[in-house]
Amino acid sequence: MNVYKEYITKNFKTAEFACPCCDAVKMDIDFVKTLQLLRDEYGSPMRINSGFRCEKHNKKVGGSDSSSHLWGMASDISVTDSILRYRMIQCAQKIGIERIGIRRDFIHFDTDYKKKTPVIWTY
């Protein structure tokens, strides 16, 4: 993937997935395509809170040593209320996303094939 390309997909810019401490963008393109499918199904813009994380940043934010963010196979998407949260999760399940983490202010989605599915957890 060309990290200098402005858009990865029709709605997501490369910069949205950049690690905050080093600007690295090592996203799995299949995951980003799945996220685009989610965006299409959801029908509204989605704000990425966290995309790719280098090991240093992952430790800083308390991410697990096996975080899917380290491999570019996860993103945390901002949600502002329970109605939007429900709708986004419904759309994710409809398109086949089977790994979902729920927190009050974001939803984690990943497609890490090395991990157990289907699963939904809370933070």
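Everything below is about the structure printed above this text.
Here the residue numbering is sequential within each chain, running from 1 through the sequence in written order. With pLDDT at 70 or above as the cut-off, local features in this predicted model cover only qualifying residues; side-chain atom pairs require 80 or more to be listed or tallied, and sums for whole chains, interfaces and linings still use all residues. Side-chain measures were taken over the full set of non-hydrogen atoms in the model, leaving aside hydrogen atoms and water.

Focus: the layout of surface pockets
A 1.4 Å probe that fits into a set of points on a 1 Å grid over the protein atoms alone but cannot get out defines a cavity; an open set with protein on both sides within 12 Å along at least five of seven lines defines a pocket, and lining residues are those with an atom within 4 Å of a point. Grid points are joined across faces, edges and corners, and a volume is the space filled by probe spheres set on the points. Approximately 390 Å³ is the volume found for the largest pocket. Every residue lining the largest pocket is counted, 22 residues in all, and those nearest its centre are R53, H69, D76, F106 and Y123. Of all elements in the fold, only β1 (48-50), β3 (99-103) and β4 (106-110) reach the threshold of two or more residues within the lining of the largest pocket. By the criteria applied, helices consist of DSSP H or I runs no shorter than four residues and strands consist of E runs no shorter than two, each listed in order from the N terminus. A total of three residues in the lining of the largest pocket trace back to one element, the largest contributor, which is β4. Residues belonging to the lining of the largest pocket are distributed by class as follows: five nonpolar, 11 polar and six charged. Asp, Glu, Lys and Arg are counted as charged, while Ala, Val, Leu, Ile, Met, Phe, Trp, Tyr, Cys and Pro are counted as nonpolar; the rest, among them Gly, fall into the polar class.

What to know about the sheet that holds β4
The strands making up a sheet are joined through hydrogen bonds of the backbone, oriented either antiparallel or parallel. Here the rule is simple: two strands pair whenever DSSP picks up at least two bridges between them. Spatial ordering of the open sheet is given by β1-β2-β4-β3-β5, a layout of five strands whose pairing is mixed. The open sheet has two edge strands, β1 and β5 (119-122), and neither has a second partner. In this sheet, neighbouring strand axes are inclined to one another by 25° on average, regardless of whether the strands run parallel or antiparallel. Where strand β2 (residues 74-78) meets β4, five bridges bridge the pair, whose relative direction is antiparallel. Across the sheet, D76 pairs through a bridge with H108, a residue of β4. Running over the sheet, helix α1 (residues 29-42) touches β1, β2 and β4 and is turned about 30° from β2. Note on geometry: axes are lines fitted to C-alpha atoms, helical ones only across the stretch in contact, with angles between N-to-C directions running from 0 to 180 degrees. Any two residues whose heavy atoms approach within 4.5 Å are treated as being in contact.

From the geometry alone we can't say anything about function, so treat these as descriptive.
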